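Fold and contact review
One letter stands for each residue in the lines below.
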Amino acid sequence: MKTQYQTSESTRIPPRVADHYWQATLHRDTRADGLFVFAVRSTRVYCRPSCPARRPLRRNTLFFRKPQDAEIQGFRACRRCRPKNIDESTVLVQQVATALASSPDEAVRLGPLAAQMHVSQGRLRRAFRRVTGLSPKDFEQALRLKRFKNMLREGSSITEALYTCGYGSSSRLYEKADAQLGMTPASYKKGGQGMEIGYAIANTSLGKVLVGSTERGVSAVYLGENERTLIEELKQEYPKAQIVRAAREHESWVEEIVRRVEGRAPSAELPLDVQATAFQRRVWKELQKIARGTTRTYTQVANALGEPRAARAVARACASNPVSIVVPCHRVIRGDSSLAGYRWGLQRKQKLLEREAVPVGSTC
Ligand SMILES: [Zn+2]
């Protein structure tokens, strides 16, 4: 791999940053892929943060900013998550996001930024064009936006921040970006061609929940009574995907989803890996902002997207949400406060909302 930029001090990670990396590792946060790798002393293997393998003990874990640094120390790349296969441009954009988020200047210019990354301005522009789909001019404008920088500081990925600030409104943004988006881009053809989905089924007080996932994130969350029907639905939604019973590697995702079905507060972030149009993605992201215990109407969601006339399209995007619970489409109701529809049954929608609502008379 040819690397033109350098971070010479990269082998020394300050303890506070290491804590942060450890959290990302525990949560298998795909957005941290490319930002660092973690190496395991006992196995001499290093992985990307989202590696599905079992987590090592913290005391056996070392962090490196780049795969090369781990290799110099005698670690070899994990064959499962292939930490070296993260695209160089994505790594560069990740590093820029980190640098921007920690820089005190509100306005940043391309030249100094490129110098800081030890790359030419041209290379930085090309990396941005590839990863975010933005023209160099749009990117330079974005760099001057205070809001953009604030978003990065709050932990948004750079592509997410750019998108929210109104850049790259075409679907290209999502198609080009790599896995650092909380919701990973659609690298799949229609019907889930090229996807390998493992499914697990768990019992909840609302019936059975099917959780389908790829190695990158959760692709399906279905609710129902009958196991076979749920699997059938999964096959219908992803007719071209390879669908198998899941190995145990994503049990923590299933546990987290069951927890949310039972109305408890989220305890971990869940990476998503779904196929979607740019509009569906925007709607689903917006739904993820609806706080637990609250609801929005379709019109409110449309307004929040800056498309006040798109309430019906919003309703359709809600109805086609493949990852119920994680994208809480049950929190969207009609303007007259009626529940409207729910793919998994109105009764379930009602119960989910009841569970999430703060109990009347509660003191906390
Ligand atoms: Zn790995």
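Just above, that's the structure.
Residues numbered from 1 in each chain as written. Predicted model: local features only at pLDDT ≥ 70, side-chain atom pairs only at ≥ 80, totals over all residues. Heavy atoms only, no water.

1. Observations concerning the packing of aromatic side chains
Convention followed: Stacked, edge-to-face and tilted labels apply to pairs of Phe, Tyr and Trp rings (six-membered ring for Trp) whose centres lie within 6.5 Å, assigned for plane angles under 30 degrees, over 60, and everything in between, in that order. Numbering of helices and strands starts at the N terminus; helices are DSSP runs of H or I of at least 4 residues and strands are runs of E of at least 2. Categorising residues by exposure relies on relative accessible area from a 1.4 Å probe, with only protein chains included: less than 20% of the type maximum marks a residue as buried, more than 50% marks it as exposed, and the intermediate range marks it as partly exposed.
Scanning the entire structure with this criterion turns up 5 aromatic pairs. Each ring, one from tyrosine 21 and one from phenylalanine 63, has its centre 5.9 Å from the other, and the planes form 70°; the classification is edge-to-face. Taken together, the positions of tyrosine 21 in helix α1 (residues 15–26) and phenylalanine 63 in strand β3 (residues 61–64) put the pair 42 residues apart, joining distant regions of the chain. Neither residue differs from the other here; tyrosine 21 and phenylalanine 63 are each classed as buried. An angle of 75° between the planes, with centres 5.6 Å apart, marks the rings of phenylalanine 36 and phenylalanine 63 as edge-to-face.

2. Let's talk about the environment of glutamine 288
Inspection of the secondary structure puts glutamine 288 in the loop between α12 (278–287) and β11 (296–297). For the pair glutamine 288 and valine 326, spaced 38 residues apart in the sequence, the C-alpha separation amounts to 7.6 Å.

3. A look at the sheet that holds strand β4 (residues 76–77)
Note the threshold: At least two DSSP bridges between two strands are needed for those strands to be called paired. Working rule for contacts: check all heavy atoms of both residues, and any pair within 4.5 Å makes them a contact. To get an axis, a line is fitted to the C-alpha atoms, and for a helix only the part in contact is used. The angle between two axes follows their N-to-C directions and goes from 0 to 180 degrees.
The sheet built from 4 strands is open, its strands ordered β3-β1-β2-β4 with mixed pairing. On the outer flanks of this sheet lie β3 and β4, each paired with one strand and no other. Bridge count between strand β2 (residues 45–47) and β4: 2 bridges; the pairing is parallel. Across the sheet, residue tyrosine 46 finds its bridge partner in β4, namely alanine 77. Contacting β1 (37–40) and β3, α1 runs over the sheet at an angle of about 105° to β3.

4. Overview of the coordination of the zinc ion
As a benchmark, a tetrahedral metal site with four donors has ideal angles of 109.5 degrees, while an octahedral site with six donors has ideal angles of 90 or 180 degrees. Our working rule: Coordination here is defined by N, O and S atoms within 2.8 Å of the metal (3.2 Å for Na, K and Ca), and since water is not considered, a site can look incomplete. Geometry assignment treats four donors as tetrahedral when all angles are between 85 and 135 degrees, treats four as square planar and six as octahedral when opposite donors are over 155 degrees apart and all others between 65 and 115, and treats everything else as irregular.
For the zinc ion, every protein donor is listed as Cys47 (SG), Cys51 (SG), Cys78 (SG) and Cys81 (SG), and the spread of their distances is 2.3 to 2.4 Å. Its 4 donor atoms give the zinc ion angles of 104 to 124° at the centre, a pattern that matches the tetrahedral case. When the donors of the zinc ion are listed by position in the chain, the intervening gaps give C-x3-C-x26-C-x2-C. Note that cysteine 47 is positioned in strand β2 and cysteine 81 in the loop between β4 and α3 (88–102), a separation of 34 residues in sequence.

5. Quick word on the pairing of strand β7 (residues 207–213)
With 6 of 7 residues buried, β7 lies mostly within the body of the structure. Pairing analysis gives 7 bridges linking strand β6 (residues 196–204) to β7, with the strands arranged antiparallel. Directly across from alanine 200, in β7, lies its bridge partner valine 211. Relative to strand β8 (residues 218–224), β7 runs antiparallel, the two being bridged by 6 bridges. Each residue of the ladder has a partner; that of leucine 210, found in β8, is tyrosine 222.

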